[in-house]
Amino acid sequence: MAAATVADPRQRDPAWLGRAFWIGAGVALLVPLLGVTEFRPWILFEARGLQVTGRFLASMLPPAMSAEFLALVAREAWRTIAIATAGLSLGLALAVPLTLVSTRALSISALSGDMARGPFVLRLAVRGTMILLRSVPELVWALLFVRVVGLGPTAGVLAIALTYAGMLGKVYGEILESGDAHAARTLLGNGSTRLQAFCYGLLPQNAAELTSYTVFRWECAIRSSVVLGFVGAGGLGQQLDNSMKMFNGGEVTTILLVFVALVAIADRASAWLRRIID
Amino acid sequence: MRIELRGASARQSAAARSTPAALQSIDLEIASGERLAVIGPSGAGKTTLLQVLACALAPEAGTLRLDGQDPWRLPRPALQRLRRQLVLAPQVPPLPPRQRVVTSVLAGRLPAMSLAASLRSLIYPSDIPAAQTALERFDLAGKLFERVDRLSGGERQRVGLARVLLAPARLWLVDEPLAALDPAQAGQALGALTAGAADRGATLVTTLHDVEAALAHFPRIVGLRAGQLSFDLPARQVTAQHLDRLYARTQVDAARIRPAETAGAPVEAAADAPAQFLRSR
């Protein structure tokens, strides 16, 4: 009843036309994209497709469970965790200073109006550096480092560190800017330094978001290390590559199960850390 | 700290150019160590005035001088050093929800602490007795190790004020410190602020909605109305007429109220047409 009886133009939602337009525009943009990507999911359910899928899945059972192979997988899983953790830590060490320099939330000149020109250019340059770091896929960084430092985990660690420094720096900056800046700005305005305002204002304000994003990135680093293993950067990924080349489906399944377990652990760790902080 | 404001106009950086400035050519002189309350209706420009004094907002026209220096002519590092000598306590207490009270209070000291000392203080609070003493002044002694988000609104506001007591500042700017406090707490809070400022010889400028509290605790009262000084008097010379003029409704409001009071029914109907339209639906 309420909607139907609004005859008075003053009571009509003035934002309605714009909203309807943008919803329509979004749909109109998406439909041609489906054409470009040749998106035809029904092929999956045609008889031939189902046969191929079935054969592939059947070859993956049962998982390989020999003690020797499990020991190998455990060793490589540990190495994968080490690659992901070392890569992420190194990336973090790079990302934190990049964030501190680039985030607007710690700009002293922006306290009173617009940011001054010098700091603005510096921030732009740092943002550009982070775009460069993360726009080169870690696979390409790894291919480069494998040539420089040779086959092995070091190349994986360096590749993850560089790409993730760019990603962490960008998202940390956005988390800090989208959170409530009141505490940090008050500290800055009362003469504290940027690092003090960060430690006493921004960090406690945004600790939970920063933590959960970091743990999520650790999870991503584990997945990345798989891909990097394919180009010889060590860890479970390299093992997965070997098993696939030898068409040993059972081994592939075992390795995938280990990945599932690692991701689940990351998920629990994130929930646990957030509970501690909150 | 001595303050001189000459013909100062200012507007919030987010405000549209077409709106009138929040402060319009204000002249104000405050001697070092003076304590004054700024009163006036909502939207009169009280908070903007404090922000101008805190060097958080540059005046659009006119000048500000702190101890004879124009802060906006200083190079930025010198301006930031000058800001260490003042403390602005905003109306909404600037406390991160997950911080502990002791850390929030000791954050008032940051401008006087080195980075190493402030990091150490995060691991083990550097001066627990000082924080405790400041909290006792506001009747919050038991809350030292509580987390800020476990406190009530009034407690948070007083934690924000306790932080001011620890600031190494010579100019205290406190924005509406009583908003969330009951009358007993309000009296205690103002007492602690004025006594603390007097102890340290700090200049204290406070905005207040509670006129009685302002008259009781501050020797000098500044009335601000629509961005202009309405009066600037010693507290005992402020009369009911001053206050009536300060808080009188704007002309639009007055025109709308008067017909109703004088029972001018047709005029009221015209003025209240939108309201009646809403009621009839």
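Residues numbered from 1 in each chain as written. Chains lettered and ligands numbered in written order. Predicted model: local features only at pLDDT ≥ 70, side-chain atom pairs only at ≥ 80, totals over all residues.

## Here's the deal with the overall build of chain B
Then, number 1: Tallying secondary structure elements over chain B gives twelve helices and nine strands in all.
Then, number 2: Here chain B holds 281 residues, and the buried ones make up 42% of them. (Helix = DSSP H or I, 4+ residues; strand = E, 2+ residues; numbered from the N terminus. Buried ≥ 20, exposed ≤ 12 C-beta atoms within 10 Å, placed from the backbone.)

## Let's talk about the overall build of chain A
Then, number 1: Along its length, chain A carries ten helices and zero strands.
Then, number 2: Along chain A, from the amino end to the carboxyl end, the secondary structure elements read α-α-α-α-α-α-α-α-α-α.
Then, number 3: In terms of C-alpha radius of gyration, chain A reaches 25 Å, well past the compact-globule figure of 19 Å for 278 residues.
Then, number 4: Here the C-alpha coordinates of chain A stretch approximately 70 × 55 × 35 Å along the principal axes.
Then, number 5: Of all 278 residues assigned to chain A, the portion counted as buried reaches 34%. (Rg over C-alpha atoms; globule rule 2.2 N^0.38 Å.)

## Considering unusual backbone geometry
Excluding glycine, most residues fall at negative phi; most peptide bonds, likewise, are trans.
Residue and element names in this part refer to chain B.
Then, number 1: Residues other than glycine seldom take positive phi values, yet Asp 67 does so here, at roughly 50 degrees.
Then, number 2: Inspection of the secondary structure puts Asp 67 in the loop between strand S4 (61-66) and helix H2 (76-83).
Then, number 3: C-beta crowding within 10 Å serves as the criterion here: with 14 such atoms nearby, Asp 67 is assigned to the partly exposed category.
Then, number 4: Of note in the backbone geometry, Ala 226 takes a positive phi value of approximately 50 degrees without being a glycine.
Then, number 5: Assignment of secondary structure puts Ala 226 in the loop between strand S8 (220-225) and strand S9 (228-234).

## Observations regarding the packing of helix H7 (residues 182-189) of chain A against helix H8 (residues 194-230) of chain A
Relative orientation and spacing of two packed helices are given, respectively, by the angle between their axes and the distance between those axes.
Residues and elements named next belong to chain A.
Then, number 1: Where H7 meets H8, the axes come as close as 8 Å, and the angle between the chain directions of the two elements is 170 degrees. With respect to their mutual orientation, H7 and H8 come out roughly antiparallel. Contacts between H7 and H8 pair Ala 183, Ala 184, Leu 187 and Leu 188 from the former with Gln 196, Ala 197, Tyr 200, Gly 201, Leu 202 and Gln 205 from the latter.
Then, number 2: Split by residue class, the contact of H7 with H8 holds seven nonpolar, three polar and no charged. (Axes fitted to C-alpha atoms, helices over the stretch in contact; angles between N-to-C directions. Parallel < 35°, antiparallel > 145°, perpendicular 65-115°, else oblique. Contact = placed C-beta atoms within 7 Å. Nonpolar A, V, L, I, M, F, W, Y, C, P; charged D, E, K, R; others polar.)

## Here's the deal with the packing of helix H3 (residues 67-102) of chain A against H8(A)
All names here are of chain A.
Then, number 1: Running from N to C, H3 and H8 cross one another at 145 degrees; their axes reach a closest spacing of 10 Å. The crossing of H3 and H8 is right-handed. For the pair H3 and H8, the contacting residues are Thr 80, Ile 83, Ala 84, Thr 85, Gly 87, Leu 88 and Leu 100 in the first and Arg 194, Phe 198, Arg 217, Trp 218, Ala 221, Ile 222 and Ser 225 in the second.
Then, number 2: Here the residues of the contact of H3 with H8 sort into eight nonpolar, four polar and two charged. (Left-handed = near helix turned anticlockwise from the far one by under 90°.)

## Re the confidence of the model for chain A
Then, number 1: Looking at chain A, pLDDT values average 86 and 97% of them are 70 or higher.
Then, number 2: The lowest-confidence element of chain A is helix H2 (residues 47-59) of chain A, averaging 81 in pLDDT; the highest-confidence one is H7(A), averaging 91. (pLDDT = per-residue confidence, 0-100.)

## Structural notes on the pairing of strand S7 (residues 203-207) of chain B
All names here are of chain B.
Then, number 1: Across the five residues that make up S7, a large majority, five, are buried.
Then, number 2: Side chains Thr 203, Val 205 and Thr 207 project from S7 onto one buried face, and the interleaved Leu 204 and Thr 206 project onto a second face that is buried too.
Then, number 3: As defined by bridge partners, strand S3 (residues 35-39) adjoins S7 across four bridges and the pair is classed as parallel. Note that in S7 the partner of Arg 35 across the bridge is Leu 204.
Then, number 4: Bridge count for strand S6 (residues 171-175) against S7 is five bridges, and the pairing is parallel. Bridge pairing links Trp 172 to Leu 204 in S7.
Then, number 5: Since S6 and S7 lie parallel, the crossover through helix H7 (residues 183-200) that links them has a hand, and here it is right-handed. (Pairing = 2+ DSSP bridges. Right-handed = clockwise from strand over helix to strand, strands pointing away.)

## Thoughts on helix H6 (residues 153-166) of chain B
Residues and elements named next belong to chain B.
Then, number 1: Spanning 14 residues, H6 covers 21 Å between terminal C-alpha atoms, matching the ideal 20 Å at 1.5 Å per step.
Then, number 2: Most of H6 is tucked away, with twelve of its 14 residues classed as buried.
Then, number 3: If you check which residues of H6 are buried, you get Glu 155, Arg 156, Gln 157, Arg 158, Val 159, Gly 160, Leu 161, Ala 162, Arg 163, Val 164, Leu 165 and Leu 166.
Then, number 4: Where H6 is buried, its residues meet strand S5 (86-89), helix H3 (101-106), helix H5 (128-137), S6 and H7. (Expected span 1.5 Å × (residues − 1).)

## Remarks on the environment of B:Leu53
Residue and element names in this part refer to chain B.
Then, number 1: Inspection of the secondary structure puts Leu 53 in helix H1 (residues 46-53).
Then, number 2: C-alpha separation for the pair Leu 53 and Leu 64, spaced eleven residues apart in sequence, amounts to 7.4 Å.
Then, number 3: When near neighbours in sequence (up to four residues on either side) are disregarded, Leu 53 contacts Ile 3, Leu 173 and Val 205.

## Focus: the interface of chain B and chain A
Bring the parts together and some accessible area is lost; that lost area is often taken as the interface size.
Then, number 1: Counting from both sides, the interface comprises 28 residues of chain B and, opposite them, 23 residues of chain A.
Then, number 2: Contributions of two or more residues to the side of chain B that touches chain A are made by H2, S5 and helix H4 (115-123) of chain B.
Then, number 3: Across the side of chain B that touches chain A, the residue classes break down as 19 nonpolar, five polar and four charged.

## Some thoughts on the sheet that holds S3(B)
Residue and element names in this part refer to chain B.
Then, number 1: Strand order in the open sheet formed by six strands is S5-S6-S7-S3-S8-S9, with mixed pairing between adjacent strands. A single partner strand is all that each edge strand has here, and the edge strands are S5 and S9. Between one strand and the next, the sheet's axes are offset by a mean angle of 15 degrees, whatever the strand orientation.
Then, number 2: Running at roughly 155 degrees to S7, H7 makes contact with S3, S6 and S7 of the sheet.

## Considering the confidence of the model for chain B
Then, number 1: Per-residue pLDDT for chain B has a mean of 86; in total, 88% of the residues score no lower than 70.
Then, number 2: This complex was scored by the predictor with a pTM of 0.80 and an ipTM of 0.82.

## Quick word on the domain arrangement of chain B
Residues and elements named next belong to chain B.
Then, number 1: As assigned here, chain B comprises domain 1 (3-85 + 169-248) and domain 2 (92-168).
Then, number 2: Summarising the inter-unit geometry, the C-alpha centres of domain 1 and domain 2 are found 24 Å apart.
Then, number 3: The partner domain 2 presents 13 residues to the 14 residues of domain 1 that form the contact.
Then, number 4: Those elements giving two or more residues to the side of domain 1 that touches domain 2 turn out to be S6 and H7. (Domains from an automatic or database assignment.)

## Comments concerning the sheet that holds strand S2 (residues 23-30) of chain B
Backbone hydrogen bonds are what pair the strands of a sheet, in a parallel or an antiparallel way.
Residues and elements named next belong to chain B.
Then, number 1: Ordered by their spatial adjacency, three strands build an open sheet running S2-S1-S4, and the pairing between neighbours is antiparallel. The open sheet is flanked by S2 and S4, the only strands paired with a single partner. Each strand axis lies, on average, 15 degrees off the axis of its neighbour in the sheet, ignoring direction.
Then, number 2: One ladder, built from five bridges, connects strand S1 (residues 3-10) with S4; its direction is antiparallel. Bridging across to S4, Arg 6 finds its partner in Thr 63.

## Description of the nonpolar core
Then, number 1: Grouped together as the largest cluster of nonpolar side chains are 123 residues, with contacts concentrated most on A:Ala159, B:Val105, B:Trp172 and B:Leu173.
Then, number 2: With 14 residues, helix H6 (residues 153-178) of chain A is the single largest residue contributor to this core.
Then, number 3: Mapping this core onto the domain boundaries places at least three of its residues in each of domain 1 (3-85 + 169-248) and domain 2 (92-168) of chain B.
Then, number 4: Ignoring any residue separated from it by four or fewer positions in sequence, one finds A:Ala159 in contact with A:Glu138, A:Trp141, A:Ala142, A:Phe145, A:Leu228 and A:Ala233.
Then, number 5: Among the nonpolar cores identified, the runner-up in size contains six residues, and A:Leu236, A:Leu240, A:Val252 and A:Ile255 belong to it. (Core = buried A, V, L, I, M, F, W, Y, C linked by C-beta atoms within 7 Å.)

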